[in-house]
Amino acid sequence: MLPKNWAKALLLVMLLPLAARADEGMWLPLFVKRLNHADMQKKGLKLTAEEIYDINNASLKDAIVQLGGFCTGEFVSGQGLMLTNHHCGYDALQSHSTPQNNILQNGFFAANPAEEKSNPGLFVDILVRMEDVTARVLEGVTPQAPEQERMTTIRKRQQEMAEAAKENGQYVAYVRDMFGGNEYYLFVYQRFGDVRLVGAPPEAVGKFGGDTDNWMWPRHTGDFSMFRVYASKDNKPTAGYSASNVPYHPKKHLPVSLQGVNEGDFAMVFGFPGRTQRFLPAAGLQLTLDQSNPARIKLRDTRLKIWKEDSDADPTVRLKYASKYASIANYWKYFIGQNEGMKRLKTVDQKKAEEASLAQWIAADPARTPVYGDALPAITQAYTGIREYNLSSQYVNEAAFGTEIIATASRLMPLYTMLKAPQVEKTALDKAIADLKEPLADFYKDYNLSTDKKVFTALMQLYAQDVPKEQLPDVFQTVQKQYGGSMAKYADYVYANSFVGSEAKMNAFLANPTLAKLEADPAFKTYLSVYNNYTQTILPKMQAYQSSLTRANRLYVAALRAKNTQKVYSPDANSTLRLSYGTVRPYQGRDAVSFDYKTTAQGIVEKEDPTNPEFVVPTKELQLIKAKDFGRYAGKDGQLPVAFITDNDITGGNSGSPVINGRGELIGVAFDGNWEAMTGDLAYDPELKRCINVDIRYVLWCIEKLGGAKHIVDEMTVVNNGPNPGVGPQAQVNGLPLPAGEVKKIKVKRKKKDTADASASVN
Ligand code: ARG
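Since the model is a prediction, treat every value here as computed from it, not as a measurement.

Digging into the overall build of the chain
Argument step 1. Counting its secondary structure elements, the chain contains 29 helices and 22 strands.
Argument step 2. Over its C-alpha atoms the chain spans a radius of gyration of 27 Å, differing by no more than 12% from the 27 Å that the globule rule assigns to 763 residues.
Argument step 3. By its C-alpha atoms, the chain is 85 × 70 × 50 Å across when sized along the principal axes.
Argument step 4. Residues classed as buried in the chain amount to 56% of the 763 residues present.
Argument step 5. At a minimum sequence separation of 6, the contacts of the chain that also span at least 24 residues come to 78%.
Argument step 6. Summed over all atoms, the accessible surface of the chain reaches about 32400 Å², with 53% contributed by carbon and sulfur.
Argument step 7. If you average the places of the 90 positive and of the 84 negative side-chain charges in the chain, the two averages end up 3 Å apart.

So this is what it looks like as structure tokens:
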């Protein structure tokens, strides 16, 4: 029987193929033209594919940088002015802060170039080109080749290709694998080592909401900071700061739009997402859920509590530990959210169902079994083995290396190897020592020995207690036999006698390093015991499983793609340049709870709490908000916009990425994800996953009105080119944004759908 509203049903069916949904995907810019451009145009993009990515002419990609390997930034002026997140510039801000001149707390904007602050070690990478080199990397590599042999061949080719692409040190280059080793890509960058801090709002703005609001929407954080990239007089990269350097002239910088955002507006995010594991099998998810994450959460919880106690007791310690605290706390909360989400969304069950259907597909054709038949059973087997040793490896990272004294002792490893060799090469030794100078100075500046000793006692105690006895390093026997099992007593011994905890003693050692001194140092001995245990006992066991897992994963991903040929997969994030696109879009967080797509300064006033350091609002900001002194940055509602959300697919590493409208103008800066979609790195849920962005108008307001640095705004290309292109809110039917031309029809249809018989008609 035809459903009553069959015409309506037909219309919907006809529209569906056109209605490319806001979907998963961190796309390689190289393939935008072929894979995404048509779909992007339907959502509101007005640019050509070449205006987005072109290796011969200036394109959007030339305005995007990878900052320090961990964040993204974008050029907003022809003078190398770069915008990123506050939390990306946090470490730089902290390192230039003292209790007397606390720019982290007070904010800071350079009044002129002389006031910009240089940051040794910080660099930006700008992509020159990327290239699919799969055929060259895999040439002659047969599926039958033993995994070890395959890896050796591939690694060698990767290195050779990268080496050639560097053109005698002119570029930074590497080859990365995608889709679990089924594809390979070459990336070539220019690296600029002179990156100076230009400004940031006060921490109370840049980190407003603190850890409480972190990973959450609705948000009221002005999470931005500014830097300037410097180059030689002929616009070439330099390895570090030079007084003779001048501002870099990027091939492209982003115009900044005052238009603001509306629901349904097109939005794309260009940046360097760090890591996703969307192809992680159910057994891997299960291991994360019940073993890795609980261990990480417990160990970080312990460390953070100690750091917080000491920070609360002493402002000097607070300043020293602010940046370390923020970064450990960020992923501590992430792991908690990820586990909560996995349970609520039944992520493991979903993956199991997907694998069951894949197994059926493989079994359905005898030709598939010899190719893929092995994959799923091998995965299960490998994870069973890995599970036995996984805790050891988590505790090495989060417990042993969670203590600063062990992590710092590990830096002496290259020296140790040289001193142990039959002949010590003087020049190599001198170089190894010289290489330690900068990181060590950086470390001691922010080190508090008594705090670290408490951390050591607590974390090493948990290590001894939680890891299977037979897997523990020898050092724990020493604690047992010589210190009566008291970790506190052992810590007394280590911290009183090691030179690693003291800058002066470390320098004395480095002035005249001997093997005997190093081998006798209690911190180094502790480190060595952990290291030897890990590399000689744990790792070899894990590696055997790991290598069969690598092979199985590769086959598993290949099988998935062969099965679902209608689906265009994007590769997992791996810190390479990607583009994601979607629209400005609200969401329903859970039953009966829906979230608007934007926030305003009204919310800052509502959240303000002078008794809670996370929610203090600077007096000047409160006054400006009260006076409604928003200037040209007010929204149509007369409010000051602060943040908005889009359904762009992003992850850590995208922090600081530009949110760009359909005309290629900057409308916001991405800075976070939302709590309801914390499983996003493992499995993407289009209904829940949102990208949280600071509205560019709030950024400009903070610089000009709050920071009194109008000259920085004036350096940008501020434009007001009429409403943003996009499909509009009416076009969202069941969460599917539709092409602009269809909006009218759908409007009518939607009204009908609201009537009682609507669902019956589609069934
Ligand atoms: N969750 C954000 C990210 O990983 C970092 C936010 C920083 N803010 C904070 N309160 N810790 O990109």
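Quick word on the pairing of strand β21 (residues 691-695)
Argument step 1. The buried fraction of β21 amounts to five of the five residues, a majority that puts the element mostly inside the structure.
Argument step 2. Judged from the four bridges that link them, strand β18 (residues 641-646) and β21 form a sheet pairing that is antiparallel. By the bridge assignment for β21, Ile645 is matched with Ile692.
Argument step 3. Relative to β21, strand β20 (residues 666-673) runs antiparallel, the two being bridged by five bridges. Bridging across to β21, Ala670 finds its partner in Asn693.

Looking at the site of the ligand
Argument step 1. What surrounds the ligand is the set His87, Lys207, Gly210, Asp211, Asn214, Trp215, Asn330, Ser655, Phe671 and Asp672.
Argument step 2. At a separation of 2.9 Å, an oxygen atom of the ligand approaches a polar side-chain atom of Asn330.
Argument step 3. Calculation on the ligand without its partners gives an accessible area of 350 Å², and the protein chains cover 94% of this total.
Argument step 4. When contributions to the shell around the ligand are tallied by element, the ones reaching two or more residues are α9 (210-213) and β20.
Argument step 5. Grouping the constituent residues of the shell around the ligand by class yields two nonpolar, five polar and three charged.

Brief notes about the nonpolar core
Argument step 1. Membership of the largest hydrophobic core comes to 175 residues, with the highest contact counts inside it found for Ile52, Met268 and Tyr463.
Argument step 2. Top contributing element to this core by residue count: helix α23 (residues 522-563), with 15 residues.
Argument step 3. Contacts of Ile52, omitting those with residues within four sequence positions, involve Val32, Met40, Leu45, Leu47, Ser59, Leu60, Lys61, Met268, Phe270 and Leu579.
Argument step 4. Leu67, Leu93, Ala110 and Phe192 belong to the second-largest nonpolar core, a separate cluster that totals 27 residues.

What about the pattern of salt bridges?
Argument step 1. Per the stated rule, a full pass over the model turns up 40 salt bridges.
Argument step 2. In this structure, Lys567 engages Glu24 in a salt bridge whose closest nitrogen and oxygen atoms are separated by 3.7 Å. In this pair, Lys567 sits in the loop between α23 and β14 (578-583) while Glu24 sits in the loop between α1 (6-15) and α2 (32-43), placing the two residues 543 residues apart along the sequence.
Argument step 3. With relative accessibility at 23%, the residue Glu24 sits in the partly exposed group.
Argument step 4. One salt bridge connects Asp695 with Arg697, and the closest N-O pair in it is separated by 2.8 Å.
Argument step 5. We classify Arg697 as buried; its relative accessible area is 7%.
Argument step 6. Taken together, the shared-partner salt bridges connect Glu24, Arg278, Lys567 and Asp649 into one network.

Thoughts on the environment of Leu186
Argument step 1. As for its position among the elements, Leu186 is in strand β8 (residues 183-192).
Argument step 2. The exposure class assigned to Leu186 is buried, which follows from its relative accessible area of 5%.
Argument step 3. Note: C-alpha distance between Leu186 and Met161 (25 residues apart in sequence) is 7.8 Å.
Argument step 4. Excluding residues that lie within four positions of it along the chain, Leu186 makes contacts with Arg129, Met130, Glu131, Val133, Met161, Ala162, Ala165, Ala173, Tyr174 and Val175.

Some remarks on the side chain of Asp647
Argument step 1. Summarising the element assignment, Asp647 is placed in the loop between β18 and β19 (658-660).
Argument step 2. You can call Asp647 buried: its relative accessible area is 0%.
Argument step 3. A distance of 2.9 Å separates the side chain of Asp647 from the side chain of Arg585, its partner in a polar contact.

Some remarks on the environment of Leu299
Argument step 1. You can see Leu299 is positioned in helix α10 (residues 282-313).
Argument step 2. Residue classification places Leu299 among the buried residues on the basis of a relative accessible area of 0%.
Argument step 3. In contact with Leu299, other than residues within four places in its own chain, are Tyr395, Glu398, Ala399, Leu459 and Leu462.

The rules behind the values
Residues numbered from 1 in each chain as written. Predicted model: local features only at pLDDT ≥ 70, side-chain atom pairs only at ≥ 80, totals over all residues. Heavy atoms only, no water. Helix = DSSP H or I, 4+ residues; strand = E, 2+ residues; numbered from the N terminus. Rg over C-alpha atoms; globule rule 2.2 N^0.38 Å. Buried < 20%, exposed > 50% of the residue type's maximum accessible area, 1.4 Å probe, protein only. Contact = heavy atoms within 4.5 Å. Areas by Shrake-Rupley, 256 points an atom, 1.4 Å probe, with all protein chains shown as cover. Lys, Arg positive; Asp, Glu negative; His and termini not counted. Charge placed at Lys NZ, Arg CZ, Asp CG, Glu CD. Pairing = 2+ DSSP bridges. Near = heavy atom within 4 Å. Polar contact = N/O pair within 3.5 Å; in protein donor to acceptor, adjacent residues only side chain to side chain. Nonpolar A, V, L, I, M, F, W, Y, C, P; charged D, E, K, R; others polar. Core = buried A, V, L, I, M, F, W, Y, C linked by side-chain atoms within 4.5 Å. Salt bridge = Lys/Arg side-chain N within 4 Å of Asp/Glu carboxyl O.

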